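Okay, here's what each chain looks like letter by letter:
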Amino acid sequence: MREKLKNWAAEYSKNPGWYWLTATLFLFPLLPEYVSPFILFIGFIVFKIQWSKEKRKAKVGTIGKLMMVFMAYALLSTIWSETRFSTFATAALWWGMFLIQVMIFNLVRSREKINTVLRIITASSCINGFIAIIQICTYTLYKFGYLAKDLVLVTPLYKKLDKLVYTSLPFDISTKTFDSRASGTFSNPNLLATNMVIAYPISIYLFLNAKTKKQKIIYFFANVIISAGMSSTLTRAGCVVALAGWLFMFVVLIKRYWKSMLTIFIPTVAVIVPSILTRYGIIFTTHTTNTKEAKTSSAAHFQIWESLVDYLLSHFKACFFGTGFGCEQTGIILKTMYNLDKPHAHNFIIEIWIELGIVGIIMLFIVFLWSFGKMLEINANNNRKFTLVFCLCTALLLYLAFGLSDFIFNSPKQMIYLFILLGLTQCISYCYDKTVITDARTLEKAAWRELRPPSPATTRW
């Protein structure tokens, strides 16, 4: 044991930044919101000290620079914001979460490390999914009278600690929770759903490229747990997005992986479809099931979107430059002008539009388009590279698709996934051969190449 610790200490001293990065990626989703960022900040300090000793400069890459432009504009909006403290704090939080992208881009410079990061994301998500399964199962058993209330695993896991911390702060933070919907270690079921949506295609990539039968079984059950974790949130949009994600991946990968994809589909449907039916009170109905809320939620979302679009089209400055970063002003507008007590737009496009205007939306979508372009450039000439590029693109697509019905940048544990995905995109672009896109013709060729899986003969890296 002592020898193992000595060897580990020697390995750590060679590359401490890498070990802090892996620890951050694993622990960030599992720790409370008010603890996770400090793990990242400490890890980044260790990384910077290491880079300084090695006389190396941290790079941010083109995607990082584009994101910095967007975040600089977000910080600048403090000047005209009516909720300046919220605007500055939210912009500062984005800059803080951006550090994970910098660490990933500088430290994950090999194909094996890329796979290690994907395995860590999947493992952390599995733990959250398993916790969520216990939460929803124990709660259901309690509601049907088969389990004592004291034996129900509290949801969210840090509920009592969260309330203690948030109520002691000098400003108000909502501590509303949903006992009937699992949240894992997150503070809200929609936040956990974000984690599961991103991890779902990543776990499929690992399953499809497993080298041994043991690995195949492990990643199969990892995907089952992630699917069940999504189902446990009872988040309709998340469940629908996950099913749509499988369908999208099946259509593209059908030529090479139709059997494996069908194997994944059976447990996905078995655990996700009942979640949607339960949310609408079609099955597992009790006198406490809030089916009315589920049935009217979509209508409420349309009312929110219609109100905010009406506000933007009637206020020139807000339409083009926004009201200031952070969703506090959005909540004020909805409550004071439209009598809607909602905290945000429940749609990331409309939310960014009202916060930073058309200018901000253009800046953010340039980041997304550039990222997808970087992935299209990669010469995916074998099955492993093809599925890696495709599954990571799918993870980002599902993340953004989920954001069409919820605000996906609502907390550090939710927004950090954007920077993780962008950082991984940069690393994959760095590690693999590329065909540079220079015009519409090369873009079209790259897109068609990515949609055609490689021939069976090309199976090596």
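Basis of the calculations
- Residues numbered from 1 in each chain as written.
- Predicted model: local features only at pLDDT ≥ 70, side-chain atom pairs only at ≥ 80, totals over all residues.
- Heavy atoms only, no water.
- Phe/Tyr/Trp six-rings, centres within 6.5 Å; stacked < 30°, edge-to-face > 60°.
- Buried < 20%, exposed > 50% of the residue type's maximum accessible area, 1.4 Å probe, protein only.
- Salt bridge = Lys/Arg side-chain N within 4 Å of Asp/Glu carboxyl O.
- Helix = DSSP H or I, 4+ residues; strand = E, 2+ residues; numbered from the N terminus.
- Axes fitted to C-alpha atoms, helices over the stretch in contact; angles between N-to-C directions.
- Parallel < 35°, antiparallel > 145°, perpendicular 65-115°, else oblique.
- Left-handed = near helix turned anticlockwise from the far one by under 90°.
- Contact = heavy atoms within 4.5 Å.
- Nonpolar A, V, L, I, M, F, W, Y, C, P; charged D, E, K, R; others polar.

Colleague: Tell me about the packing of aromatic side chains, and name the residues and values.
Modeller: Within the structure shown, the criterion is met by 28 aromatic pairs. Seen in terms of ring centroids, Tyr-12 and Tyr-19 are 6.0 Å apart; in terms of plane orientation they differ by 50 degrees. Their pairing is tilted. Since its relative accessible area comes to 26%, Tyr-12 is described here as partly exposed. The class for Tyr-19 is partly exposed, based on a relative accessible area of 25%.

Colleague: Lay out the pattern of salt bridges in plain terms, naming residues and giving numbers.
Modeller: Considering all chains together, one arrives at five salt bridges under this definition. The salt bridge involving Glu-377 is made with Lys-374; its shortest N-O contact spans 3.9 Å. In this pair, Glu-377 and Lys-374 are both assigned in helix H14 (residues 348–377), three residues apart and thus about one turn of the helix distant. For Glu-377, a relative accessible area of 9% corresponds to the buried category.

Colleague: Which residues make up the packing of helix H8 (residues 189–208) against helix H16 (residues 412–431), and what values go with them?
Modeller: At a closest axis distance of 9 Å, the pairing of H8 and H16 adopts a crossing angle of 20 degrees. When the interaxial angle is binned, H8 and H16 end up roughly parallel. Handedness of the H8/H16 crossing: left-handed. Two secondary-structure elements touch here, H8 through Asn-190, Leu-191, Thr-194, Asn-195 and Ile-198 and H16 through Gln-414, Tyr-417 and Leu-421. Grouping the amino acids of the contact of H8 with H16 by side-chain chemistry returns four nonpolar, four polar and no charged.

Colleague: I'd love a proper account of unusual backbone geometry, names of residues and values included.
Modeller: Omega for the peptide link from Thr-155 to Pro-156 comes to -5 degrees, which places this bond in the cis form. Within the secondary structure, Pro-156 is located in the loop between helix H6 (111–143) and helix H7 (159–167). Even without being a glycine, Lys-55 presents a positive backbone phi close to 55 degrees.

Scope: geometric values only; no functional claims are made or implied.
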